[in-house]
Amino acid sequence: GNHDVGPKIMNPAREVFNQQVGIKQPNLPFLIYKENFDIIIDDSNNEINFSNKIKSLTKNKKNNNLILLRHHVAIEPLIKYGNSRGENKIFNEKLLENLFSSYDKVTIIYGNGGAYEEKPRIACYQHNKINHIVNGIGDKSDDKVLIISKGKIYQYDLNKYFLYI
């Protein structure tokens, strides 16, 4: 996310990130296979040729379900639930539907939510076979995380079973 590499493509934070983390993982975006999902890890700070990069990755499809993980919210209906105010590119829903047409079900999870008390910890939006979920941790009493297990996505309330010492 932008907290690791900063908001611009070329900056000192990204250089350090690439030197330390980049040697341990493929270049972003990249595709992994887990729990009956194809999972694409995206870099929403670098959206140059987003469609071409993602289309190239989906050619290596192994599952019928896709999860795309990225930091910034990419569709207009959910901008108001993200922590930033739409500084990053907003994609047309039809473009996303065409891009992911080979999948039966697509879930796009945005991690740029949850920082402000007045916003929900989780917000969702659906169009056709694409589900969008904004989630994030803001050190709030109702923070939630998403857990992917056995082909399903669950939400877990972090403070429900938290023991204060």
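So, a few notes on the structure that sits alongside this text. Just so we're clear, the structure is a prediction, and the values are computed from it rather than from any experiment.

### Some details on unusual backbone geometry
A positive phi angle, near 65 degrees, is found at N36, a position not held by glycine. Take N36: it is sitting in the loop between β1 (30-34) and β2 (37-41). One non-glycine residue with positive phi stands out, namely K150, at about 50 degrees. Counting through the fold element by element, K150 comes out in the loop between β7 (144-149) and β8 (152-157). We classify K150 as exposed; its relative accessible area is 72%.

### Remarks on helix α3 (residues 50-58)
Among the residues of α3, F50, I54, L57 and T58 are the ones counted as buried. The buried residues of α3 occupy an angular sector of 100 degrees when the element is viewed end-on, so they sit on one face. Tucked into the core, α3 has its buried residues touching β1, β2, β3 (65-70) and α4 (93-99).

### A word on the sheet that holds strand β4 (residues 105-110)
Strands sit in the order β1-β2-β3-β4-β6-β5 across an open sheet of 6 strands; the sheet is mixed. In this open sheet, the two edge strands, each paired with only one partner strand, are β1 and β5 (122-127). Across the sheet, the mean angle separating the axes of adjacent strands is 20 degrees when strand polarity is ignored.

### Thoughts on the side chain of T58
The topology assignment puts T58 in helix α3. In contact with T58, not counting residues within four places along its chain, are I40, L99, F100 and Y103.

### Let's talk about the packing of aromatic side chains
Here the structure, examined in full by the defined rule, presents 1 aromatic pair. Over the ring of Y103 we find K61; its NZ or CZ atom is 5.2 Å from the centre of that ring. Above the ring of Y33, the side-chain terminus of K62 is found at 4.3 Å from the ring centroid.

### Focus on the side chain of H72
Mapped onto the fold, H72 is located in the loop between β3 and α4. Engagement of the side chain of H72 in a polar contact is seen with the side chain of S44, the distance being 2.5 Å.

### Thoughts on the environment of I122
Considering the arrangement of structural elements, one finds I122 in strand β5. Between the C-alpha atom of I122 and that of V134, which follows or precedes it by 12 residues, the distance is 5.6 Å. Residue contacts for I122: discarding those within four places in its chain leaves I133, V134, N135, K144, L146 and Q155.

So, how was this worked out
Residues numbered from 1 in each chain as written. Predicted model: local features only at pLDDT ≥ 70, side-chain atom pairs only at ≥ 80, totals over all residues. Heavy atoms only, no water. Helix = DSSP H or I, 4+ residues; strand = E, 2+ residues; numbered from the N terminus. Buried < 20%, exposed > 50% of the residue type's maximum accessible area, 1.4 Å probe, protein only. Arc of directions from axis to C-beta. Contact = heavy atoms within 4.5 Å. Pairing = 2+ DSSP bridges. Axes fitted to C-alpha atoms, helices over the stretch in contact; angles between N-to-C directions. Phe/Tyr/Trp six-rings, centres within 6.5 Å; stacked < 30°, edge-to-face > 60°. Lys NZ or Arg CZ within 6 Å of the ring centre and 35° of its normal. Polar contact = N/O pair within 3.5 Å; in protein donor to acceptor, adjacent residues only side chain to side chain.

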